[in-house]
Amino acid sequence: MPRFRRYQSAVPNRRGTYPGVFALANGLAEHGLLDADDHAWLRAANRRAYDLHADPSAADPHCYDRDLNPGARAWFKDPAGELLEFVSGYLALLDRYAVPWVELTTTSPGRVVYEDAVQVVAVPYAYPGDWVLHEPVRPDRSAPDRRPAT
């Protein structure tokens, strides 16, 4: 079964979303928080990132559309080889500036709205539509009849 990996903020932003590693690093630059060496490194790393993989929003401008695909987020396919090794530089940058991040792994990232060789963009599952667990069957009761009514 394929595995997927995501690096994102450990805390939500003002909109309640969890920006990914690239957005976090670019946010540091946009707010003028990087020193000159780190800013130069980030510019070069971003150029290399665009060479390593496609920008999903360039291939499908609607993949991150908040109305069509609420909460859509990118996940690396595992193994994504060189791309995952490349991300370690971004994670080190975040660590230097005390930006908390987490690594998530899953075999089921959500409803996939974009896919290429190394990544997917998926809309997270939502409650109650995607909730797969049902009320537990207690030993003193029979299982509920889940057959459709006729």
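What you see is a predicted model; the values in this text were computed from it and never measured.

### Some words on the nonpolar core
In this structure, Tyr 7, Val 21, Leu 42, Tyr 90 and Leu 94 are the most contacted members of the largest nonpolar core, which totals 21 residues. Contributing elements (two or more residues each) for this core: helix 1 (21-30), helix 2 (36-52) and helix 4 (82-96). Counting residues per element, this core draws most heavily on helix 4, which supplies eight residues. Apart from residues no more than four positions distant in its own chain, Leu 94 is found in contact with Val 21, Leu 24, Ala 25, Leu 28, Val 99 and Trp 101. The next biggest cluster of nonpolar side chains, apart from the first, holds five residues, and it includes Ala 72, Tyr 114, Val 121 and Val 123.

### Digging into a nonpolar patch on the surface
Nonpolar side chains collect at one region of the surface, where Tyr 127, Trp 131, Val 132 and Leu 133 lie side by side and expose about 530 Å² of accessible area between them. Tracing the backbone through its elements, the reader meets Trp 131 in the segment after strand 5 (119-123).

### Digging into helix 2
The first and last C-alpha atoms of helix 2 sit 24 Å apart over 17 residues, in line with the 24 Å expected at 1.5 Å per residue. For helix 2, every residue scored as buried is listed here: Asp 38, Leu 42, Ala 45, Asn 46 and Ala 49. Taken around the axis of helix 2, the buried residues stretch over an arc of 110°, which confines them to a single face. Among the exposed residues of helix 2, those pointing more than 90 degrees away from its buried face are Ala 36, Asp 37, Arg 47 and Asp 51. Where helix 2 is buried, its residues meet helix 1 and helix 4. If you check the start of helix 2, you find a side-chain oxygen 3.1 Å away from the backbone N of Asp 37, and it comes from Asp 35.

Conventions and cut-offs
Residues numbered from 1 in each chain as written. Predicted model: local features only at pLDDT ≥ 70, side-chain atom pairs only at ≥ 80, totals over all residues. Heavy atoms only, no water. Core = buried A, V, L, I, M, F, W, Y, C linked by side-chain atoms within 4.5 Å. Buried < 20%, exposed > 50% of the residue type's maximum accessible area, 1.4 Å probe, protein only. Helix = DSSP H or I, 4+ residues; strand = E, 2+ residues; numbered from the N terminus. Contact = heavy atoms within 4.5 Å. Patch = residues over 30% accessible without salt bridge, like charges linked within 9 Å, V, L, I, M, F, W, Y side chains within 5 Å. Areas by Shrake-Rupley, 256 points an atom, 1.4 Å probe, with all protein chains shown as cover. Salt bridge = Lys/Arg side-chain N within 4 Å of Asp/Glu carboxyl O. Expected span 1.5 Å × (residues − 1). Arc of directions from axis to C-beta. Polar contact = N/O pair within 3.5 Å; in protein donor to acceptor, adjacent residues only side chain to side chain.

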